[in-house]
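# Commentary on secondary and tertiary structure
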Amino acid sequence: MATLSSYRDLIVWQRALALAKDVYIHSKELPKEERYGLTSQMRRAAISVAANTAEGYGRRNRGEYLQFLGIARGSLRELETYLILVKELAMISNVEILPERAEEIEKLLYRLESSLT
């Protein structure tokens, strides 16, 4: 097993960051009137997954780390809800891959949390 020298070595963080980039790209298709609504909410939730994973990694104890991973998981669920909405409203084209990536990240977060308990 490889030694981690940084949160950037975590596969879950790498995938979460890639998902956030995709959300930023795809959310440009949302209507302009959603700029301060759905667009902003989706982007914040997406980057929150990677950011909280990184912040938890930097905490001093396991309990805090787990708390931040829980926040990341909550943000992921929030993002999934927005993705369901934009898909049902046909607001973004080719959005189908994003929920699949979110599901993969959910599994990775669960495995990381399990390894810490």
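We now turn to the structure provided with this report. Since we're looking at a predicted model, the values are computed, not measured.

Here we come to the environment of E78. Topologically, E78 is positioned in helix 3 (residues 62-88). On the accessibility criterion, E78 (30% relative accessible area) is partly exposed. Setting aside residues no more than four positions away along its own chain, E78 makes contact with Q41 and A45.

All chains considered together, the criterion is met by 8 salt bridges. Between R59 and E55 there is a salt bridge, with the nearest N and O atoms lying 2.7 Å from each other. For E113, the salt bridge goes to R73, with nearest N and O atoms at 2.6 Å. Note that E113 is positioned in helix 4 (residues 97-116) and R73 in helix 3, a separation of 40 residues in sequence. One salt-bridge network, in which partners are shared between bridges, spans E55, R59 and E64.

Turning our eyes to something else, we now look at the packing of helix 2 (residues 38-57) against helix 3. The interhelical angle for the contact between helix 2 and helix 3, taken along N-to-C directions, is 160°, at an axis separation of 8 Å. By the angle class used here, helix 2 and helix 3 are roughly antiparallel. The crossing of helix 2 and helix 3 is left-handed. When the residues that make up the contact of helix 2 with helix 3 are grouped by side-chain class, the tally is 17 nonpolar, 6 polar and 2 charged.

Along the chain, Y24 turns up in helix 1 (residues 11-26). For Y24 and I97, which are 73 residues apart along the polypeptide, the C-alpha to C-alpha distance reads 14 Å.

L19, M42, L79, V86, I105 and L109 are the most contacted members of the largest nonpolar core, which totals 33 residues. Taken together, the elements giving at least two residues each to this core come down to helix 1, helix 2, helix 3 and helix 4. Looking at which element gives the most residues to this core, the answer is helix 3, with 8 residues. Contacts of M42, omitting those with residues within four sequence positions, involve V23, L30, L79, Y82, L83, V86 and I92.

A word on the side chain of D22. Relative to the helices and strands, D22 is located in helix 1. When its relative accessible area of 18% is taken as the criterion, D22 is described as buried. Apart from the residues lying within four places of it in its own chain, the contact partners of D22 are L98 and R101.

What follows is about the environment of A20. With respect to the helices and strands, A20 occurs in helix 1. We classify A20 as buried; its relative accessible area is 2%. The spatial distance from the C-alpha of A20 to the C-alpha of I47 is 5.3 Å, given a sequence separation of 27 residues. Filtering out sequence-adjacent residues up to four positions away, A20 remains in contact with A46 and I47.

Cut-off values and rules
Residues numbered from 1 in each chain as written. Predicted model: local features only at pLDDT ≥ 70, side-chain atom pairs only at ≥ 80, totals over all residues. Heavy atoms only, no water. Helix = DSSP H or I, 4+ residues; strand = E, 2+ residues; numbered from the N terminus. Buried < 20%, exposed > 50% of the residue type's maximum accessible area, 1.4 Å probe, protein only. Contact = heavy atoms within 4.5 Å. Salt bridge = Lys/Arg side-chain N within 4 Å of Asp/Glu carboxyl O. Axes fitted to C-alpha atoms, helices over the stretch in contact; angles between N-to-C directions. Parallel < 35°, antiparallel > 145°, perpendicular 65-115°, else oblique. Left-handed = near helix turned anticlockwise from the far one by under 90°. Nonpolar A, V, L, I, M, F, W, Y, C, P; charged D, E, K, R; others polar. Core = buried A, V, L, I, M, F, W, Y, C linked by side-chain atoms within 4.5 Å.

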